[in-house]
Amino acid sequence: MLGSTLKILAGSSHPELAELISKKITRPIGELQTRRFANGETIVTVVDSVRDQDVFIIQTAAEPVNDLLMELLITINACKIASARQITVVLPCFPYARQDKKDRSRAPITAKLVANMLQTAGCNHVITMDLHASQIQGFFDIPVDKYGTITLQDYIQQHYEIDNVVIVSPDAGGAKRATYIADKLKVDFALIHKERQIANEVSRMILVGNVTGKTAIIIDDIADTCGTIALASKILTENGAQKCIALVVHAFLSGRAIDVIENSALDEIVVANTIPLSQRARECSKIRTMDVSAMLGEAIRRTHYGESISQLFL
Ligand SMILES: *[C@@H]1O[C@H](CO)[C@@H](O)[C@H](O)[C@H]1NC(C)=O
C-alpha cells in the first residue's frame, strides 16, 4: 500500500520462516510480546506503533494449533484497534483447511469459521499457500491470494530429469493440482484411485496411468500420517517406477509418520517449510526441505507496492 510503511510482525509459530522472509525482503520483524496468564489466556503486546501502516502478520498452523490461532486473532485485533491502515495475514498453512465441507451429517465447516474469525478480528487480506480446497477462498469477503504450485514446478525442474518424470496424484481430490503441474511441465500424469472407508485409513488403491521406468513424483498438499503416500509409493514401485518421490506442501508428519516414511518405498520426500519440522524429521535421511520464503517475501513486497501477483499464482 503506497504511502504507508510496510511492517512485518510474526507470531510465535515459526520464527525460522519469519526470519527467512524478513531477510529476503530486507525488513526487520517488529517486536511482539506474547505472554500467558496462569489460566492459559494469551496476551499479545504490539511494542512499536502500527498507526497508518501496512501490517503483515506471519503465522502458520503449527502445534499447538488452537493457541497459535488465538494468538494470531489477538495480534490482528491489537493492530486493528491501534489504527493499522491495512492488515494482511500471511498464513502459509491455513488452520482447519481440511474441514472445508459438510461431507456427512452434522459435520462442521471449521475452515469457514476460521475465515469468519480472521475477518472479525480485523484482517483485510490473506496470503496463503496451497489451500486444501479452493472453495476456502470463497469463505472470505476479503481478498485471498494462494500461492504454491510455482515453487513445486521450479523444484521439479531444478532437481529431476524432466524427460523422465511422471506426476502422480495420490487421490482423486488432488488430481486438479497434479494435472495442473503436469501440464505446465509438459510431462505425463498418473492417478491413484483409492477407496477410503475411515479418515486416515486407506483400503484399496488402483493405479491409472503408466509409470514404468519413470521417476514418479507424487504431489500432495498435506502429509499427515503419510499412510497414503507410503501406499502410493508401494503401488508405483510395483508398477515399475524407477524412482519414487513425494512433493508435499504442508508436512504435519504426525504420529508414526517418520517411521512410515523410513520404511516406505519412497526414495525421498520433499516438504515445504510452511510448518517447522521436528528434530526427528530433520534427521530423517529421506526428508528434504523446499524453501518458500522467497516466494512469500515476494508476495508481501508486491502486495505492499500494489504490483501484480499473477506470476506467483496457481
Ligand atoms: C508403459 O511405458 C513403457 C515405457 O515407456 C512401455 O514400454 C510400455 O509398453 C507402456 N505400457 C503400457 C501398458 O502402455
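Residues numbered from 1 in each chain as written. Predicted model: local features only at pLDDT ≥ 70, side-chain atom pairs only at ≥ 80, totals over all residues. Heavy atoms only, no water.

## Topic: the overall build of the chain
- Check the secondary structure of the chain and you find 9 helices and 14 strands.
- Its C-alpha atoms give the chain principal-axis dimensions of about 60 × 40 × 35 Å.
- Looking at the chain residue by residue over its 314 residues, the buried ones come to 53%.
- Total accessible area on the chain is roughly 14400 Å²; 49% of this is exposed by carbon and sulfur atoms. (Helix = DSSP H or I, 4+ residues; strand = E, 2+ residues; numbered from the N terminus. Buried < 20%, exposed > 50% of the residue type's maximum accessible area, 1.4 Å probe, protein only. Areas by Shrake-Rupley, 256 points an atom, 1.4 Å probe, with all protein chains shown as cover.)

## Notes on the environment of Gly11
- Tracing the sequence through the fold places Gly11 in the loop between β1 (6-10) and α1 (15-24).
- Relative accessible area serves as the criterion here: at 12%, Gly11 is assigned to the buried category.
- Each C-alpha atom, one on Gly11 and one on Val44, is 9.4 Å from the other, the two residues being 33 residues apart in sequence.
- If near-sequence neighbours (up to four positions away) are discounted, Gly11 is found in contact with Leu32, Ile58, Gln59 and Glu71. (Contact = heavy atoms within 4.5 Å.)

## Concerning the UniProt feature "domain: Ribose-phosphate pyrophosphokinase N-terminal" (unreviewed entry) in the chain
- Within this numbering scheme, the UniProt entry marks residues 6-122 as carrying the feature "domain: Ribose-phosphate pyrophosphokinase N-terminal" (unreviewed entry).
- Helix makes up 33% of residues 6-122 and strand makes up 22%, while its end C-alpha atoms are separated by 17 Å. (UniProt positions renumbered as here; feature names shortened; annotations may be inferred.)

## What about the side chain of Ser13?
- Note on placement: Ser13 falls in the loop between β1 and α1.
- Within the local environment of Ser13, its side chain forms a polar contact with the side chain of Gln59, the two groups lying 2.5 Å apart.
- Looking at Ser13, its side chain comes within polar contact range of the main-chain nitrogen of Thr60, at 2.9 Å.
- Look past the residues within four positions of Ser13 in its chain and what remains in contact with it is Gln59, Thr60, Ala62, Leu68 and Pro276. (Polar contact = N/O pair within 3.5 Å; in protein donor to acceptor, adjacent residues only side chain to side chain.)

## Thoughts on the domain arrangement of the chain
- Along its sequence, the chain is organised into domain 1 (6-142) and domain 2 (150-195 + 204-290).
- In this complex, domain 1 contributes 16 residues to the contact, which on the side of domain 2 involves 13 residues.
- Between domain 1 and domain 2 lies a buried interface of about 1200 Å² when both sides are counted; carbon and sulfur atoms form 51% of it.
- Our count for the contact surface shared by domain 1 and domain 2 stands at 3 salt bridges.
- Applying the counting rule to domain 1 against domain 2 returns 7 residue pairs in polar contact (both at pLDDT 80 or more).
- In terms of residue count, the dominant contributor to the side of domain 1 that touches domain 2 is α1 (3 residues).
- Among the residues making up the side of domain 1 that touches domain 2, the classes are represented as 8 nonpolar, 5 polar and 3 charged. (Domains from an automatic or database assignment. Buried area = accessible area lost by both parts, 1.4 Å probe. Salt bridge = Lys/Arg side-chain N within 4 Å of Asp/Glu carboxyl O. Nonpolar A, V, L, I, M, F, W, Y, C, P; charged D, E, K, R; others polar.)

## Quick look at the packing of aromatic side chains
- Counted by the stated rule, this structure contains 2 aromatic pairs.
- Relative to Phe140, the ring of Phe94 has its centre 6.0 Å away and its plane inclined at 85°; by these criteria the two rings are edge-to-face. Separated by 46 residues along the polypeptide, Phe94 in the loop between β5 (86-91) and α3 (110-121) and Phe140 in the loop between β6 (125-129) and β7 (144-147) bring together distant segments of the chain.
- Under the relative-accessibility criterion, Phe94 is labelled buried at 5%.
- On the basis of an interplanar angle of 55° and a centroid distance of 6.3 Å, the ring pair of Tyr155 and Tyr160 is categorised as tilted.
- Look at Tyr155 and you get buried, because its relative accessible area is 9%. (Phe/Tyr/Trp six-rings, centres within 6.5 Å; stacked < 30°, edge-to-face > 60°.)

## What to know about helix α9 (residues 293-305)
- Between its terminal C-alpha atoms α9 stretches 18 Å, which fits the 18 Å expected from 13 residues at 1.5 Å a residue.
- Buried residues of α9: Ser293, Met295, Leu296, Gly297, Ala299, Ile300, Arg302, Thr303 and His304, and no others.
- Looking one or two residues past α9, Gly306 carries a phi angle of roughly 70°, positive in sign. (Expected span 1.5 Å × (residues − 1).)

## Looking at the state of the cysteines
- The full count for this structure, using the stated rule, is 0 disulfides.
- Cys79 provides the cysteine sulfur closest to Cys123, a residue in no disulfide bond, and the two sulfurs are 11 Å apart.
- Under the relative-accessibility criterion, Cys123 is labelled buried at 3%.
- Of the cysteine sulfurs around Cys284, a residue in no disulfide, the closest is that of Cys226, at 9.5 Å.
- Among the residues examined, Cys284 registers a relative accessible area of 3% and is labelled buried. (Disulfide = S-S within 2.5 Å.)

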